[in-house]
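Structure at a glance
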Amino acid sequence: MADQIAVDSAVSSTTVPSTSTLKVNLDAPRFDQSTFSGRAKHFFTITDPRNLLATSSQLEEAKSLVLQYRLGKLVSSVTEDQLWQAKNLYDSAFHPDTGEKMFLIGRMSAQVPMNMTITGFMMTFYKTTPAVVFWQWINQSFNAIVNYTNRSGDSPIPVRTLGLSYVLATTAATGTALGLNSIVKNIASPLIGRYVPFAAVAAANCINIPCMRSRELTNGIPINDENGNRVGESRRAATLAITQVVVSRIVMAMPGMAIPPIIMNYMEQKGILLKRFPWTAAPLQIGIIGVSLVFATPLCCAIFPQKSSMSVKLLEPEVRDKLPDSTTRVYFNKGL
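Predicted model only: the values in this text are computed from it and were never measured.

Looking only at helices and strands, the protein chain features 13 helices and four strands. Considering the protein chain as a whole, with its 336 residues, one finds that 44% of them fall into the buried category. Residue pairs at least 24 apart in sequence account for 73% of intrachain contacts in the protein chain once pairs closer than 6 positions are excluded. Split by element, the accessible area of the protein chain, about 17,100 Å² in all, is 61% carbon and sulfur.

Written out as structure tokens, the structure is:
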């Protein structure tokens, strides 16, 4: 809240005629993206749930501050920290390509509260067919909202592709959960059954993301040289980018879906709290998952650099032949 007051104060002072001498590159992240720690710090600011508490007027004020700086009209009283606070708030709510305000639950800052709630219920109500179908459908519906909200503005994902990926992911997740439930119900250890939702989420990610980005697999994604100059499009780069995103999404789900089953199974066996107050199972599990996701979401987003690279030797021959001999690596945006 103190940070937000600082942003508001900075914006309200824009009537002062003197301009700022700050030299900040707002087109690049604040932290070094070549290191894991720098990427982690960057994603901690992007996924911070507190950004959801900002009012419409606060978001508009942050947007105004960022736009004024880019036009060279920022006042001298604004500090670098205030500028970055405004930039983080602006990026959390406005689409980077279109500039439109994004749907609330589709923002990256909503990932932790939404996923902890949905995952908590998925892992609490996993034994009956109606519960499995309902919560897998809710989870994939949320994923579809996130994918649509964060779609590219320059090359938008067609609604038909989004719909197809939604249907396929929901079918895969539900089918995997129901199939595994029928297999593990005869296994003595109840702990195994608690991991069925994770297997369903992993299966859905393996289908949803490649389907949603199928045009990239067909046409390739833009690749650049080390100076940022576009040198072509590559399908192999697209394959690598999508693979990295799938891996990071699955790993991101692991702490919140692998640790709670052990804790909940132990508490259930020992009769701790749950036998006397069975209604506490869902909120307790949601709380454990929430703590896991607060750290897992930004840390797993940071596993691979946003600006990934690959050796020229791994490109398609027709793409490689068009590059100068001095180019040894190409770079591309892997997506989220």
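What follows concerns helix 2 (residues 36-46). Taken residue by residue, helix 2 has G38, R39, A40, H42 and F43 as its buried positions. Looking at the buried side of helix 2, the elements it contacts are helix 12 (281-301).

Structurally, Q111 is set in helix 5 (residues 111-124). By relative accessible area, which is 10% here, Q111 ends up buried. Look past the residues within four positions of Q111 in its chain and what remains in contact with it is M116, F142, V146 and T297.

Right, let's get into the pattern of salt bridges. If you walk through the whole model with that rule in mind, you get six salt bridges. Two residues, R30 and D81, come together in a salt bridge whose shortest N-O distance is 2.7 Å. Highlighted residues: R30 in the loop between helix 1 (2-12) and helix 2 and D81 in helix 4 (residues 80-93), separated in sequence by 51 residues. Accessibility expressed as a relative area gives 38% for R30, which makes it partly exposed.

Here we come to the packing of helix 7 (residues 159-184) against helix 9 (residues 196-212). For the pair helix 7 and helix 9, interaxial distance at closest approach is 8 Å and the crossing angle is 155 degrees. When the interaxial angle is binned, helix 7 and helix 9 end up roughly antiparallel. Between helix 7 and helix 9 lies a crossing whose hand is right-handed. For the contact of helix 7 with helix 9, a count of residues per class yields 17 nonpolar, five polar and no charged.

Cut-off values and rules
Residues numbered from 1 in each chain as written. Predicted model: local features only at pLDDT ≥ 70, side-chain atom pairs only at ≥ 80, totals over all residues. Heavy atoms only, no water. Helix = DSSP H or I, 4+ residues; strand = E, 2+ residues; numbered from the N terminus. Buried < 20%, exposed > 50% of the residue type's maximum accessible area, 1.4 Å probe, protein only. Contact = heavy atoms within 4.5 Å. Areas by Shrake-Rupley, 256 points an atom, 1.4 Å probe, with all protein chains shown as cover. Salt bridge = Lys/Arg side-chain N within 4 Å of Asp/Glu carboxyl O. Axes fitted to C-alpha atoms, helices over the stretch in contact; angles between N-to-C directions. Parallel < 35°, antiparallel > 145°, perpendicular 65-115°, else oblique. Left-handed = near helix turned anticlockwise from the far one by under 90°. Nonpolar A, V, L, I, M, F, W, Y, C, P; charged D, E, K, R; others polar.

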